[in-house]
Amino acid sequence: EVLEIFSELLNTHKYLIHFNGSTFDVPYLMHKYTFYQLEQSWEHLEQIDLYRRMLPFKNCMGLTHMRQKDLEVYLGIHRKDTFTGGELIDCYQEYLKSGDEELLAMLLLHNKEDVEGMTALLSLLTIPRIFAGEFDPKLIRIDIVTTASKELSNTLQIALSFPISCTLHYECEYYQLTAASGQMMLSVPLVSGTRKYFFSNYKDYYYLPLEDQAIHKSVGAYVDKEHRERAKASNCYQKKEGVFLPQFSTVFTPSFRREYKDEVQWFEADENLIRDKEKMAAYMVHLMGNIIKRDRM
């Protein structure tokens, strides 16, 4: 009877929202529908698993656990219910035997606050939206600031077009991201120095040890044989002096590296490029995607 009523409710809605229901609740319900040979009319529903949606941002939010109560506390929500679902299993079994109304009240309070808590957690879905690039690039404010150590730092600032109900922080060797009070700040130090552009078709090049660079064979043929050698993938490069920003896949070209096997790539921080809000929006999304990738490792 409960399953039939639940099906009627589902028919009038577009979304099914749960917290880690993909692991337990939904398979449990599916099993019960099958057992009672009832039709499962869920095909039209978009399922939103709040746990799975928010798990990639665990480290950004500074959390060590991702239980529903942990996320609620993160948002400043504190329950009257003090029990975990696991702790209430024995309570439920005891209620079935005794019919104790106090036990029933404990169970109902827990379930009621579970549902109300999920409603509050919906505000967190702004985080994956931001990381997916769902913001207007025109809202980006681009500043180039000079730090106390006289090193230049390129800082991208975004004033979000929708409220963000939480704080985020991420910091690594190459950049820092913070978000609070409806604003996100991405700080990326501009790095001055030399980077190398590696040619992929190294078999078409010579390496010149004295100049420490590669030249195409069509030109290198005129260099004395004692001053040239066949290029290898690791030394088939041209050097470039300039100011650079890091990237973790090829977003902007040409792409440079410090050394051939380095995972981090670099692109030249041309003034026109870093003032282009569309391109810097793409760059910001790229760096935020790298945060998720690193957190999953």
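Residues numbered from 1 in each chain as written. Predicted model: local features only at pLDDT ≥ 70, side-chain atom pairs only at ≥ 80, totals over all residues. Heavy atoms only, no water.

1. Description of the environment of Thr 167
The following threshold applies: Runs of E in the DSSP output that reach at least two residues are strands. Runs of H or I that reach at least four are helices, and both are numbered from the N terminus. Partly exposed residues are those whose accessible area sits between 20% and 50% of the maximum for their type, while under 20% is buried and over 50% is exposed, using a 1.4 Å probe and protein chains only. Contact between two residues is taken to exist if any of their heavy atoms lie within 4.5 Å; hydrogens are not considered.
Inspection of the secondary structure puts Thr 167 in the loop between strand 4 (152–159) and strand 5 (168–171). What makes Thr 167 partly exposed here is its relative accessible area of 46%. A C-alpha to C-alpha distance of 43 Å links Thr 167 and Leu 96, two positions 71 residues apart in sequence. Discounting chain neighbours no more than four positions away, the residues touching Thr 167 are Cys 60, Met 61, Tyr 74, Ala 179 and Ala 180.

2. Description of the sheet that holds strand 13 (residues 265–268)
Spelled out, the test is: Strands are labelled as partners when DSSP assigns at least two bridges between them. Lines fitted to C-alpha atoms define the axes, with helix axes restricted to the stretch in contact, and inter-axis angles between N-to-C directions lie between 0 and 180 degrees.
The strand order 8-12-13 describes an open sheet built from 3 strands, whose pairing is antiparallel. Looking at which strands have only one partner, the edges of the open sheet turn out to be strand 8 (191–198) and strand 13. Going from strand to strand, the sheet's axes swing by 70 degrees on average, the running direction of each strand aside. In this sheet, strand 12 (residues 237–247) lies alongside strand 8 in antiparallel orientation, the contact comprising 8 bridges.

3. Let's talk about the packing of helix 1 (residues 2–10) against helix 2 (residues 25–35)
So the rule is basically this: Should the near helix be turned anticlockwise from the far one by less than a right angle, the crossing is termed left-handed; should it be turned clockwise, right-handed. Basically, the charged four are Asp, Glu, Lys and Arg, the nonpolar ten are Ala, Val, Leu, Ile, Met, Phe, Trp, Tyr, Cys and Pro, and anything else, Gly included, counts as polar.
At a minimum axis separation of 11 Å, helix 1 and helix 2 run at an interaxial angle of 115 degrees. Here the hand of the crossing between helix 1 and helix 2 comes out left-handed. In this structure, helix 1 uses Leu 3, Phe 6 and Ser 7 to contact helix 2, whose residues at the interface are Leu 29, Lys 32 and Tyr 33. Split into classes, the residues belonging to the contact of helix 1 with helix 2 amount to 4 nonpolar, 1 polar and 1 charged.

4. What about the nonpolar core?
We apply this condition: Throughout this description, the term nonpolar core refers to a set of buried Ala, Val, Leu, Ile, Met, Phe, Trp, Tyr and Cys residues connected via side-chain atoms within 4.5 Å.
By size, the foremost hydrophobic cluster in this structure holds 56 residues, and its most contacted members are Met 61, Phe 131, Leu 168, Tyr 175 and Met 184. Element by element, the count of residues in this core is highest for helix 10 (residues 277–296), at 8 residues. Membership of the second largest hydrophobic core comes to 8 residues, among which are Phe 198, Tyr 205, Ala 231 and Tyr 237.

5. Thoughts on a negative patch on the surface
Quick reminder of the rule: What goes into a patch is any residue over 30% in relative accessible area without a salt bridge, connected to like charges within 9 Å or, for nonpolar side chains (Val, Leu, Ile, Met, Phe, Trp, Tyr), within 5 Å. The Shrake-Rupley method, run with a 1.4 Å probe, gives the accessible areas here. Residue values count only the displayed protein chains as cover. What counts as a salt bridge is simple: a side-chain nitrogen of Lys or Arg found within 4 Å of a carboxyl oxygen of Asp or Glu. Charged residues are defined here as Lys and Arg on the positive side and Asp and Glu on the negative side; His and the ends of the chain fall outside this count. Charged groups are reduced to one reference atom each: NZ for lysine, CZ for arginine, CG for aspartic acid, CD for glutamic acid.
On the surface, a cluster of negative charge is made up of Glu 94, Asp 100, Glu 101 and Glu 102. Looking at the element boundaries, Glu 101 is found in helix 6 (residues 101–121). Using a relative accessible area of 56% as the deciding quantity, one classes Glu 101 as exposed.

6. Remarks on a nonpolar patch on the surface
A cluster of nonpolar side chains, Tyr 15, Ile 17 and Leu 122, forms an exposed patch at the surface whose accessible area comes to about 250 Å². Position of Tyr 15 among the secondary structure elements: in strand 1 (residues 15–18). Its relative accessible area of 46% is what places Tyr 15 among the partly exposed residues.

7. What to know about the side chain of Glu 72
Tracing the backbone shows Glu 72 in helix 4 (residues 68–74). If we skip the residues at most four places from it in the chain, Glu 72 touches Ile 77, Arg 79, Glu 113, Gly 117 and Leu 121.

8. Looking at the pattern of salt bridges
Per the stated rule, a full pass over the model turns up 14 salt bridges. The closest approach of N and O atoms between Arg 79 and Glu 72, which form a salt bridge, is 2.8 Å. Here the two residues Arg 79 and Glu 72 agree in accessibility, since each one is buried. Across the pair Glu 134 and Arg 129 runs a salt bridge, and its minimum N-O distance is 3.3 Å. On the accessibility criterion, Arg 129 (35% relative accessible area) is partly exposed. Connected via shared salt-bridge partners are Lys 69, Glu 72, Arg 79, Asp 81 and Asp 114.

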